Amino acid sequence: MTRSDLVEELAARFGQITQRDAELAVKAILEAMNDALARGYRIEIRGFGSFSINYRAPRMGRNPRSGESVAIPEKKVPHFKPGKALRQSVDQGTDALTPTA
């Protein structure tokens, strides 16, 4: 599902919301989440999952073409951990799609 698909689904599900309002709502939510993660906060949405920042220490890597060592700097990366309800929903959804013998 893309961002525009999400906007269309939101507008279709709630008739009183226009396409433009749905687009503004999705944009506002994503910007708020982006800002919170950029400031180092953790985001928890009960039943869906949590977003946090993981720290990756600096390390030495290897260039696969030349084989020379390359210093990889430290970085912070976003991490998503699905909630129990989401895991169960996805698991049940995949079970329904798998053919039985």
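Each chain carries its own residue numbering, running from 1 in the written order of its sequence. Local features in a predicted model are, by the rule used here, given only for residues with pLDDT of at least 70; side-chain atom pairs are given and counted only at 80 or more, and totals for whole chains, interfaces and linings are based on all residues. To obtain the side-chain values, all non-hydrogen atoms of the structure were used and water was disregarded.

## Things to note about the environment of Phe 80
Basically, it comes down to this: Here a helix means four or more residues in a row that DSSP labels H or I, a strand means two or more in a row labelled E, and each is numbered from the N terminus. In what follows, a contact means two residues having at least one pair of non-hydrogen atoms within 4.5 Å.
Within the secondary structure layout, Phe 80 lies in strand 5 (residues 75-82). Measuring from C-alpha to C-alpha, the distance between Phe 80 and Asn 54 comes to 9.9 Å, with 26 residues separating the pair along the chain. Beyond its immediate sequence surroundings of up to four residues, Phe 80 is in contact with Phe 48, Gly 49, Ser 50, Phe 51 and Leu 86.

## Structural notes on the pattern of salt bridges
What counts, and what does not: The rule for a salt bridge is simple: a side-chain nitrogen of Lys or Arg has to be within 4 Å of a carboxyl oxygen of Asp or Glu. Buried residues are those whose accessible area, probed at 1.4 Å on protein chains only, stays under 20% of the maximum for their type, while exposed residues exceed 50% and partly exposed ones sit between those limits.
With the rule as written, the count across this model stands at three salt bridges. Salt-bridge contacts for Glu 9 lead to Arg 13; the nearest nitrogen and oxygen are separated by 3.0 Å. With a gap of four residues between them, Glu 9 and Arg 13 both fall in helix 1 (residues 3-13), about one helical turn apart. Classification of Glu 9 as partly exposed rests on a relative accessible area of 35%. Residue classification places Arg 13 among the exposed positions, given a relative accessible area of 60%.

## Quick word on the environment of Ala 22
Checked against the element boundaries, Ala 22 lands in helix 2 (residues 19-38). Filtering out sequence-adjacent residues up to four positions away, Ala 22 remains in contact with Val 7, Leu 10, Ala 11 and Ile 17.

## Describing the nonpolar core
So the rule is basically this: We define a nonpolar core as any set of buried Ala, Val, Leu, Ile, Met, Phe, Trp, Tyr and Cys residues linked to one another through side-chain atoms lying within 4.5 Å.
Listed in full, the five residues of the largest apolar core are Met 33, Ala 36, Leu 37, Ile 43 and Phe 51. With three residues, helix 2 is the single largest residue contributor to this core. Beyond its immediate stretch of four places on either side in the chain, Leu 37 contacts Ile 43, Phe 51, Ser 52 and Ile 53.

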